[in-house]
Amino acid sequence: MKLTISAIIFSLLFGDYSIGDTISIEDQQISAEICFGSHPLDTMLSTFSLSDFNGDLNGGHYGVTMLSIQASWWGPSCTTVGPTDEIEETWLDNPHVTVATLLDDIGQPYTCEGWSNMGSTTNNIILDDGANYDYASTYTASGYYYPTIILIDHNMTLYYSGIYLNTYVGNFYIEEMLSDCGELCGFFIGDLNEDNLLDI
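**Student:** Explanation requested: the environment of His-39 in the structure shown.
**Tutor:** The residue His-39 is located in the loop between strand S1 (32-36) and strand S2 (47-48) in this model. Using a relative accessible area of 2% as the deciding quantity, one classes His-39 as buried. Each residue touching His-39, except ones within four places of it in the same chain, is listed here: Ile-34, Leu-45, Thr-47, Phe-48, Asp-52 and Phe-53. Here Asp-42 takes part through its backbone nitrogen, which lies 3.5 Å from a polar atom of the side chain of His-39. Here Asp-52 takes part through its side chain, which lies 2.9 Å from a polar atom of the side chain of His-39.

And the structure:
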């Protein structure tokens, strides 16, 4: 069961998609340059796209994705860095969960490294949304609403979109998505420490 009250408060109609819509293949293939950190599936890759995490396209590796779409000049968006970082830290060792930040207007004032330094995890993934604001224009209200947090499940369905997501609710949603994904994401009921063994 979802935390429907929080969803009503923080979930709005954003960009080209509303909650429950499947991301088109074309939009899954929108590429962003990795400007800090490394690709979670292949450290040799210098770009990031949602299609990388589509198990139907990548050879069977399914997962869930959280993207935090930010602008380096919008001070209040820095308030989402803490929860985003805490959520990332919670799922750090789970290969089926990816947390990344899309950063627009880099250098005004924050660089990718500067933005990452506001977090505590060592593997922050920061992406350059590019001059055309590809992700912002697709997933945020009116094309440029900062910050916007989106969650995408293993079916490439938009699970959540909103202006804020606290740590508790974010982790709850990710756990729900992994549960829905089931064995495709290495998740089964009773595996409390996610070592693929039943805990008794």
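Okay, back to it.
**Student:** Can you walk me through the nonpolar core in this structure?
**Tutor:** One recurring pattern in soluble globular proteins: nonpolar side chains tend to sit buried together. Phe-48, Leu-50, Leu-67, Leu-127, Tyr-135 and Tyr-139 are the most contacted members of the largest nonpolar core, which has 23 residues in total. Broken down by secondary-structure element, the contributors of at least two residues to this core are S1, strand S3 (64-71), strand S4 (97-104), helix H5 (134-139) and strand S6 (148-152). Non-local contacts of Phe-48, meaning those with residues more than four positions away in its chain, are made with Ile-30, Ser-31, Ala-32, Ile-34, His-39, Phe-53, Leu-67, Thr-98, Ala-100, Leu-127 and Tyr-135. Counting 19 residues, the second largest nonpolar core, distinct from the first, contains Ile-149, Tyr-160, Tyr-173 and Ile-174.

**Student:** Just to check I follow, could you spell out the state of the cysteines for this structure?
**Tutor:** Note: disulfide means a covalent bond formed between the sulfur atoms of two cysteine side chains. Per the stated rule, a full pass over the model turns up two disulfides. Between Cys-35 and Cys-112 runs a disulfide, and the two sulfur atoms are separated by 2.0 Å. Its S-S torsion of approximately -90° makes the covalent link between Cys-35 and Cys-112 left-handed. Taken together, the residues Cys-35 in strand S1 and Cys-112 in helix H4 (residues 112-116) connect sequence positions 77 residues apart. Looking at Cys-112, the relative accessible area reads 7%, which means it is buried. A sulfur-sulfur distance of 2.0 Å marks the disulfide that ties Cys-181 to Cys-185.

**Student:** Help me out: how do you make sense of unusual backbone geometry in this one?
**Tutor:** Working note: non-glycine residues mostly have negative phi, and peptide bonds are mostly trans. A cis amide bond, omega 5°, links Gln-108 with the succeeding residue Pro-109. Mapped onto the fold, Pro-109 is located in the loop between S4 and H4. Phi at Tyr-133 is positive, roughly 55°, even though this residue is not glycine. Here Tyr-133 is to be found in the loop between strand S5 (126-128) and H5. Of note in the backbone geometry, Met-156 takes a positive phi value of approximately 65° without being a glycine. Residue position: Met-156 is located in the loop between S6 and strand S7 (158-162).

The rules behind each value
Residues numbered from 1 in each chain as written. Predicted model: local features only at pLDDT ≥ 70, side-chain atom pairs only at ≥ 80, totals over all residues. Heavy atoms only, no water. Helix = DSSP H or I, 4+ residues; strand = E, 2+ residues; numbered from the N terminus. Buried < 20%, exposed > 50% of the residue type's maximum accessible area, 1.4 Å probe, protein only. Contact = heavy atoms within 4.5 Å. Polar contact = N/O pair within 3.5 Å; in protein donor to acceptor, adjacent residues only side chain to side chain. Core = buried A, V, L, I, M, F, W, Y, C linked by side-chain atoms within 4.5 Å. Disulfide = S-S within 2.5 Å.

Functional significance is not addressed by these values, which are geometric in nature.
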